[in-house]
Amino acid sequence: MSELTAVGKPIQRVDAEEKITGQAVYGYDLVLPDMLYGKTLFSPKAHARIKRINTEKAKAYPGVVAVVTAEDAPWTHGETVKDKPFLAQGKVRCIGEPVAAVAAEDEDTAEAAVKLIEVEYEDLPVYTDPEEACKPGCVEIHEDFGKYRKADFIVKGAAPNVAEHFKLRTGDVDIGFKQSDVIVEERYFVPIIQHAAMEPHSAHAQFDKESGRLTIWVANDAPFRALHEITEALGMPKEKIRFINPLQGGGFGSKGGLKVEPIAVALAFHTNGRPVRVKFNREETFISTLTRHEAVVYSKTGVKKDGTLMARAMTIYWGAGAYAEKSPTVCIRGSLPAPGPYRIPHVKVDGYAVYTNKPVAGSYRGYGIPQGAWAGEQQMDEIAKRLGMDPIAIRMKNMFVEGDISYWGEQLHAVGLKETLVKATEAIDWGKPTKTAKPGVKIGKGFACIQKPTRSPTTSAAGVLVNAKGEVTVLAGTVEIGQGCNTILSQVAAEELKVPLERVHMHQLDTDVIPFDASTTSSRSTYHMGNAVRRASIHAREQIMEAAGPMLEAKVQDLGYADGKVFLKDQPQQALPIGEVVRRKLGIHGKVRGDGSYTYEIGKDLDLETGHSDHASAFYMYATQAAEVEVDEESGRVRVLRMSAAHDVGKAINPLNCVAQIEGGVVMGIGSALHEELVIDNTGKVRNPSFLDYHLVTSLDTPELIPIVVECPEPEGPYGAKGLGEPGLAPTPAAIGNAVTDAVGVRVYDLPLKPENVYWAIRKKKKDAA
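Predicted model, so just to flag it, every value in this text is computed and none were measured.

A closer look at the overall build of the protein chain
Line of reasoning, step 1. For the protein chain, the helix and strand inventory stands at 18 helices and 31 strands.
Line of reasoning, step 2. Relative to the 2.2 N^0.38 estimate, which gives 27 Å for 770 residues, the radius of gyration of the protein chain is 27 Å and therefore close to what a compact globule would have.
Line of reasoning, step 3. Sorting the 770 residues of the protein chain into buried and exposed places 63% on the buried side.
Line of reasoning, step 4. Partitioning the intrachain contacts of the protein chain with sequence separation of at least 6 by distance along the chain shows that 80% fall at a separation of at least 24.

Right, here's the structure in full:
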């Protein structure tokens, strides 16, 4: 590979100035001409039949243009299971489910009119615990589940309310446990948390009766997937529906699929061609969009006296909430690697995605990996303690290395896990004692390792335009959600076309114009779209060189390309700027277009009975994070003093951006470890639906952060790159949990590690000792 000029450089983000000066327009800010304002009536019941809806008073209210219920919008949607109505049909399944909506001339009018809608309910049994909801005799929350359209890989559980049953079977765990010298078994719990993106949810929609065109403006992280989902729901041709993406103020998984869009669309069909905007406030976003899955994890591990892992059996109950959303795929992709990045001859995993009467759960940064790591990595430390081994030693003995066959049957490559373990633990001075001068305060250290797959197989396509001024426009369906993809993709185009970064621009995301992309999820974009943009840029460059041949009176093989110019190899001074080549060939308004796409062609779905696949993921991300904490034994308060995070990124396209991603993920992970918990009572009501009572990490909680970039190149990745967006969060809670145990000698099995949980665990230990 020739020397890189743009890739691998710590370049400032291309959208930095636009955002810090306030010029950026986000979906929540967007105002369209002649726009109406939508408001939603939400269910106050967690599970009930709708006996009657009366909208007459709302319709008669001055300034109201449209009022809709399920009678006006009789559609359902869903990615893996088509189970979710645009507006509640016949029953509600959680508090916060949209029941009706109003469009009016202003927000105050819409708000007043919504309150005039009368709904009569008949209560049904409420299930708020995923373990309880799937016990024999429970009422089915989705009594028509058997009639729903479902993805081919869905395996319905035999128990009530199980939307997906994932099975992983390798070897024979009974034999593995018989061959083990030590067996450790425990129950772990991870609560529901909120994405808490800076920008709440919103959507705009407009339906033009003359053309039959529906246009939706929304900050959606997968506009082509949303396009497919709404096309299927409405039964309209795809060419009649258009998604335009304004900027997105963060999402972390919450802004994929359809959330507010169905409400805006339902109203738009009744507003005589006027656009309508539906915005959720923070409380509505908390209860009516998406959450991260709660998980109950039972883990049993057998090991030899020398530390060799023999068997691990895990049962995981994933709380799906009221609708399936992405629960089946979170169940699959979270349960598969839950046993950890280790060689284990006997493995058995059962993952159950279970409907409950809680807010809908779905995609969240990490996609199920944090829940499994919280259990598995704490159990690894517990095993090391039982054996008298250093936690590093037991992991080094068992962890995946280059060429290993995973317990799901795939040969692994580009495995940088050991290097991440060594560097992360060295960074916090593992093995060196730390003293505190504070009485009653103990200091401890801990770490955790993870491996994360990406969604496979998927496709990304891209276009690259070069105009007569030598300016480059990239057409890519990757959504800038704050992760820096516009900078990364601009660097790739600049690298292949050898132009300054400031001459590269990203086209606004519009499904009428932009080529297909599967989604901006699963840490897939740098790898998939990076490859697509690279191929499109090379295609454009090849066309320019072909056109320059006659102009320079030379064959293509005699031409060179550098610094945005085509030149004669033996006479470099004889050169033409690429813009000049385009102008001479196509005129002043001409453009050369290069196209490229990338699909992980050999990707294979998991076997439904064994969970095995020899190519389950296009690449794997590996990371180790290590924490040093202090614990106040009198109050149970945990404070993280420093945290290292070593991540195998394959190749850092932009090292500065990699560091930012790692730090952001770590801080989110600290929040989920110490503070965050969406508290829901046994009636299904969220008790802390705002930042007043939902504690996010602040600058005062943030410790010394030590980001470490490890490069173990992925052969198929662009320049060797992998993904990075999600792993920063995944091992953080387990690392902190292990550090707390190291400090006070007691293990807390349920997140979060809030003071009262730690305090009572310490008290119980002292009482048991006494």
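Observations concerning the domain arrangement of the protein chain
Line of reasoning, step 1. The domain architecture assigned to the protein chain consists of domain 1 (16-23 + 458-599), domain 2 (31-124 + 198-250 + 255-288) and domain 3 (368-451 + 621-769).
Line of reasoning, step 2. For domain 1 and domain 2, the distance between their C-alpha centres works out to 38 Å.
Line of reasoning, step 3. Every contact between the two is made by 18 residues of domain 1 and, on the other side, 16 residues of domain 2.
Line of reasoning, step 4. At the boundary of domain 1 with domain 2, total buried surface from both sides reaches about 1400 Å², with 55% on carbon and sulfur atoms.
Line of reasoning, step 5. Along the contact surface separating domain 1 from domain 2 lie three salt bridges.
Line of reasoning, step 6. Counting every contact that joins domain 1 to domain 2 gives six residue pairs in polar contact (both at pLDDT 80 or more).
Line of reasoning, step 7. In terms of residue class, the side of domain 1 that touches domain 2 is made up of seven nonpolar, five polar and six charged.

Some remarks on the pairing of strand E9 (residues 162-170)
Line of reasoning, step 1. Burial analysis of E9 places eight of its nine residues in the buried class, the great majority of the element.
Line of reasoning, step 2. Where E9 lies against strand E19 (residues 346-355), eight bridges are found, and the strand directions are antiparallel. Paired with Thr170 across the two strands is Val347, which belongs to E19.

Some details on the sheet that holds strand E11 (residues 193-194)
Line of reasoning, step 1. Read across the open sheet, the three strands follow the order E11-E16-E20; overall the sheet is mixed. In the strand order of this sheet, the two ends are held by E11 and strand E20 (361-362), each with one partner.
Line of reasoning, step 2. As judged from the two bridges shared by strand E16 (residues 291-292) and E20, these two strands associate in the parallel manner. Looking at E20, one finds that Thr291 is bridged to Ala361.

Some details on the pairing of strand E30 (residues 638-648)
Line of reasoning, step 1. Burial analysis of E30 places nine of its 11 residues in the buried class, the great majority of the element.
Line of reasoning, step 2. Bridge count for strand E29 (residues 620-632) against E30 is 10 bridges, and the pairing is antiparallel. Counterpart to Ala623 in the pairing with E30 is His647.
Line of reasoning, step 3. Taken together, the seven bridges between E30 and strand E31 (residues 704-710) define a ladder with parallel strand orientation. Of the residues in E31, the one forming a bridge with Ala646 is Ile708.

Quick word on a positive patch on the surface
Line of reasoning, step 1. On the surface, Lys385, Arg386, Lys765 and Lys766 cluster together into a patch of positive charge.
Line of reasoning, step 2. Contributing elements (two or more residues each) for the positive patch: helix H10 (369-387) and helix H18 (755-769).
Line of reasoning, step 3. Along the chain, the position of Arg386 falls in helix H10.

Observations concerning the sheet that holds E30
Paired through backbone hydrogen bonds, the strands of a sheet run either parallel or antiparallel to each other.
Line of reasoning, step 1. Taken together, four strands build an open sheet; the order of strands is E21-E29-E30-E31 and the sheet is mixed. Where the open sheet ends on each side, the last strands, each with one partner, are strand E21 (441-453) and E31. Averaged over neighbouring strand pairs, the angle between their axes works out to 15 degrees when direction is ignored.
Line of reasoning, step 2. Pairing of E21 with E29, which is carried by 13 bridges, proceeds in the antiparallel orientation. Along E29, the bridge assignment pairs Ile450 with Ala623.

Remarks on the pattern of salt bridges
Line of reasoning, step 1. What the rule picks out here adds up to 52 salt bridges.
Line of reasoning, step 2. With its nearest N and O atoms 2.9 Å apart, the salt bridge here joins Glu105 to Arg274. One end of the pair, Glu105, is in the loop between strand E7 (98-104) and helix H3 (107-114); the other, Arg274, is in the loop between helix H7 (261-268) and strand E15 (276-279), and 169 residues separate them in sequence.
Line of reasoning, step 3. Residue classification places Glu105 among the partly exposed residues on the basis of a relative accessible area of 37%.
Line of reasoning, step 4. Two residues, Arg213 and Asp512, come together in a salt bridge whose shortest N-O distance is 2.5 Å. With Arg213 in strand E13 (residues 213-217) and Asp512 in the loop between strand E24 (504-506) and helix H14 (525-552), this residue pair connects regions lying 299 residues apart in the sequence.

Focus: the packing of aromatic side chains
Line of reasoning, step 1. Evaluation of the coordinates by the stated rule reveals 20 aromatic pairs.
Line of reasoning, step 2. Judged by centre distance (6.2 Å) and plane angle (90 degrees), the rings of Phe400 and Trp408 are edge-to-face. Across this residue pair, the class does not change: Phe400 and Trp408 are buried.
Line of reasoning, step 3. Ring plane angle 80 degrees and centroid distance 5.1 Å describe the contact between Trp430 and Phe447, whose orientation is recorded as edge-to-face. You can see Trp430 sitting in the loop between helix H12 (417-427) and E21 and its partner Phe447 sitting in strand E21, a full 17 residues away along the chain.
Line of reasoning, step 4. Here Phe447 falls in the buried class, since its relative accessible area comes to 0%.

Observations concerning the environment of Gly409
Line of reasoning, step 1. Within the element layout of this structure, Gly409 appears in the loop between helix H11 (391-398) and H12.
Line of reasoning, step 2. Sequence-wise, Gly409 and Thr170 are 239 residues apart; in three dimensions their C-alpha atoms are separated by 8.7 Å.
Line of reasoning, step 3. Once residues within four sequence positions are removed from consideration, Gly409 is found in contact with His612, Ser613 and Asp614.

A word on unusual backbone geometry
What you tend to see is this: most non-glycine residues have negative phi, and most peptide bonds are trans.
Line of reasoning, step 1. In this structure, Pro457 follows Ser456 across a cis peptide bond, with omega equal to -10 degrees.
Line of reasoning, step 2. By secondary structure assignment, the location of Pro457 is in the loop between E21 and strand E22 (459-467).
Line of reasoning, step 3. Of note, the bond from Leu751 into Pro752 is cis; its omega dihedral lies within 30 degrees of zero at -5 degrees.
Line of reasoning, step 4. As for its placement among the helices and strands, Pro752 is situated in the loop between helix H17 (732-744) and H18.

What counts, and where the lines are drawn
- All residue numbers refer to position in the chain's written sequence, counted from 1.
- Selection of residues for local features in this predicted model requires a pLDDT of at least 70, selection of side-chain atom pairs for listing and counting requires 80 or more, and totals for whole chains, interfaces and linings are taken over all residues.
- Excluding hydrogens and water, the side-chain figures rest on all heavy atoms present in the structure.
- Only DSSP runs of H or I reaching four residues or more are called helices, and only runs of E reaching two or more are called strands; each is numbered from the N terminus.
- Radius of gyration here is computed from C-alpha atoms only, and the compact-globule reference equals 2.2 Å multiplied by the residue count raised to the power 0.38.
- Note on exposure labels: buried denotes an accessible area under 20% of the residue type's maximum, exposed denotes more than 50%, and partly exposed covers the range between, all computed with a 1.4 Å probe on protein chains only.
- By the convention used here, residues are in contact when the closest approach between their heavy atoms is within 4.5 Å.
- Boundary definitions for the domains trace back to an automatic or database domain assignment.
- Joining two parts hides part of their accessible area as seen by a 1.4 Å probe, and the buried area is that hidden amount summed over both.
- Here, a salt bridge means any Lys or Arg side-chain nitrogen found within 4 Å of an Asp or Glu carboxyl oxygen.
- In the analysis that follows, any N or O atom pair within 3.5 Å is treated as a polar contact, provided that within protein one partner can donate a hydrogen and the other can accept it, and provided that, for residues neighboring in sequence, both atoms belong to side chains.
- Classes in brief: Ala, Val, Leu, Ile, Met, Phe, Trp, Tyr, Cys and Pro nonpolar; Asp, Glu, Lys and Arg charged; the others, Gly included, polar.
- Each pair of strands is called paired provided DSSP finds at least two bridges between the two strands.
- Candidate patch residues must exceed 30% relative accessible area and have no salt bridge, after which like charges are joined if within 9 Å and Val, Leu, Ile, Met, Phe, Trp or Tyr side chains if within 5 Å.
- Residue exposure ignores everything except the shown protein chains as possible cover, and the areas themselves are Shrake-Rupley values with a 1.4 Å probe.
- Charge assignment: positive for Lys and Arg, negative for Asp and Glu; neither His nor the chain ends contribute.
- Charged groups are reduced to one reference atom each: NZ for lysine, CZ for arginine, CG for aspartic acid, CD for glutamic acid.
- The convention used is that axes are lines fitted to C-alpha atoms, helices contributing only their stretch in contact, and that angles between N-to-C directions extend from 0 to 180 degrees.
- Only rings of Phe, Tyr and Trp enter the pairing, Trp through its six-membered ring, and a pair is recorded when the two centres are within 6.5 Å. The plane angle decides the type: under 30 degrees is stacked, over 60 is edge-to-face, the rest tilted.

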